[in-house]
Amino acid sequence: MPSKNGPDRRRTVASRRAGVAALAVFVLPLTGCGSLLGEDTAGSGGGDDGGPITLTVSTFNDFGYTDELLARYTEENPNVTVEHIVAPTSDEARLQMLKAFTTGDGSELADVVAAEVDWLPELMEHSELFEDLTDPEVTKRWVDWKVAQATTSDGELLGYGTDIGPEAICYRADLFEEAGLPSGRDEVAELLGGKNATWERYFEVGRQFTAQSDAAWFDGTTGMFQGMVNQLPAAFEDPATQKPTDLSINNDVRAIYDQITDGIDDGLSAGLEQWTPQWTAGFQDESFATMLCPGWMMGPIESYSQGVQGWDVANVFPGGGGNWGGSFLAVPSAGLHTEEAKKLAAWLTAPEQQTEAFTTAGAFPSQLEAQGSDAVQGYVNPFFNNAPVGKIFTARAQSIDGAPYKGPYYFAIRDEVNNALAAVDAGTNSPEIAWNQAVQTVGDFRIKQ
């Protein structure tokens, strides 16, 4: 693989420091970090001599990288031991990465780091801090739009794709039955509109459900907003300028916001913020009946619903196709073993390993070969009433037209609107006051441009 540390692409200490400083200008207000750079500890750039080394891999949630899978890499590469570091959430992984850059040169990061698609653009603004992973032997592995997400304007490939997040609807069939609604997965798909499913229909069925049930229709606003906003081609920024759009006149986002807050008013939300203890407890308390469900969400649902029966997956999604999430493996240039790290990143994102990650954790592969494999196509999930999730999520993936534009401010702006929705969901603010506060904060982002 080409290396940024080769004689024709050498990254100097000065250029890395400049990149770190530029990154800090944006992330310091978000991370609350102090000092910028300490003494230089730039890596050797892959000068491994074949002796024993340890490579660290940092991910979050559940990438499906089991101890057994990582041990196989050591079997194939006896000089390499792999240590896996797992952050509880994507947000925590992001803050850890940004802190490592704003308090040092990034040398404290793992040799291979996972980045989630919503905050990858922040890192792509400073590609000099990461290795260019361009390699003609592997770049045909992925769906085109996945590669485009991690490709800089200069044509450098910042990350190898792991999973994508085609969305279906996960639901509690037992709660549907108790409310007098059809509960079979094909019936639920038709109930929500089938190929013509709309958000209007989804919320309408939710009102029918809550009229006959003590449970809410969906868990909370976090996932709902994420699923809906991902269907906008450019939700928060102008692709031509990368500048934030004026939220006060962003009619598409406001329409989504209004639809969700109307649902809150009608009692459709359980008021649970995802990844909080209250949310995880909600799976045991029959708090809600449906969730917007990318493939990777099946793992958390099963984990938090131990002992609960009734979950199923319907091959349907309002508004057509939708992709929520999906990650990449990147290699920081400050690492000591960048060439070995690239090899590990390539191996972890090979079709064979990503197929295994799907059957282990529901992380639907972004690799074309993996998607078409017998293992994926024939995979059923016993916890979800033996749903043929391999076929379901393949169908949902085929409904995705492409990746929406997400620039360097996407994550921060999305969080402000999410905060507004959470305030409404918690009853601490009215929809209009919460929206106006988000408008003001996003306006400050625009002023700083």
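Cut-offs and rules
Numbers given to residues run from 1 along each chain, matching the order in which its sequence is written. Given that the model is predicted, a residue must reach a pLDDT of at least 70 before its local features are reported, and side-chain atom pairs must reach 80 or more before they are shown or counted; all residues, however, enter totals for whole chains, interfaces and linings. Side-chain metrics in this entry use all non-hydrogen atoms of the structure; hydrogen atoms and water are not considered. Criterion for a disulfide: a pair of cysteine sulfur atoms within 2.5 Å. Working definition: helices are DSSP H or I runs of at least four residues, strands are E runs of at least two. Numbering for both runs from the N terminus. Throughout this description, buried means an accessible area under 20% of the type-specific maximum (1.4 Å probe, protein chains only), exposed means over 50%, and partly exposed covers the range between. We define a salt bridge as a contact between a side-chain nitrogen of Lys or Arg and a carboxyl oxygen of Asp or Glu at a distance within 4 Å. In this analysis, strands are considered paired if DSSP registers two or more bridges between them. Each axis is a line fitted through C-alpha atoms, and for a helix only the stretch in contact is used; angles between axes span 0 to 180 degrees, taken between their N-to-C directions. Two residues form a contact once any of their heavy atoms are found within 4.5 Å. As used in this structure description, the phrase polar contact means that two N or O atoms lie within 3.5 Å; if the pair is within protein, one of them must be able to donate a hydrogen and the other to accept it, and residues adjacent in sequence are counted only when both atoms belong to side chains.

This structure, assessed with the given rule, holds one disulfide. A sulfur-sulfur distance of 2.1 Å marks the disulfide that ties Cys-170 to Cys-293. What sets the handedness of the Cys-170 and Cys-293 disulfide is the S-S torsion sign, and at about -50° it is left-handed. Placement of the pair is Cys-170 in strand β5 (residues 167–172) and Cys-293 in strand β7 (residues 288–294), with a sequence separation of 123 residues. In terms of burial, Cys-170 and Cys-293 fall into one category: buried.

Throughout the structure, instances matching the rule amount to 14 salt bridges. Between Asp-266 and Arg-207 there is a salt bridge; the shortest N-O distance is 2.6 Å. In this pair, Asp-266 sits in the loop between α10 (251–265) and α11 (277–282) while Arg-207 sits in helix α8 (residues 199–210), placing the two residues 59 residues apart along the sequence. Given a relative accessible area of 39%, Asp-266 falls into the partly exposed group.

A word on the sheet that holds β7. Spatially, four strands are ordered β6-β7-β5-β8 in an open sheet, and the strand pairing comes out mixed. Each edge of the open sheet is held by one strand with a lone partner, namely β6 (216–218) and β8 (311–314). For this sheet the average axis-to-axis angle between neighbouring strands, irrespective of direction, equals 20°. Pairing of β6 with β7, which is carried by two bridges, proceeds in the parallel orientation. Bridging across to β7, Ala-216 finds its partner in Phe-288. Together, β5, β6 and β7 form the strand contacts of helix α9 (residues 221–229), whose direction differs from that of β7 by roughly 40°. Sitting on the sheet, helix α17 (residues 389–398) is in contact with β5, β7 and β8, with an inclination near 135° to β5.

Further remarks concern unusual backbone geometry. One non-glycine residue with positive phi stands out, namely Gln-242, at about 65°. As for its placement among the helices and strands, Gln-242 is situated in the loop between α9 and α10. Of note, the phi angle at Glu-286 is positive, near 55°, even though the residue is not glycine. Note on placement: Glu-286 falls in the loop between α11 and β7. For Glu-286, a relative accessible area of 40% corresponds to the partly exposed category.

Inspection of the secondary structure assignment puts Asp-163 in the loop between β4 (160–161) and β5. Put simply, Asp-163 and Gly-295 are 132 residues apart on the chain and 9.0 Å apart in space, counted from C-alpha to C-alpha. Setting aside its immediate chain neighbours within four residues, Asp-163 contacts Lys-146, Trp-296, Gly-326, Ser-327, Gln-354, Ala-363, Phe-364, Pro-365 and Ser-366. Within the structure, Asp-163 has its side chain in polar contact with the backbone nitrogen of Ser-327 (distance 3.1 Å).

So yeah, pure geometry; function would need other evidence.
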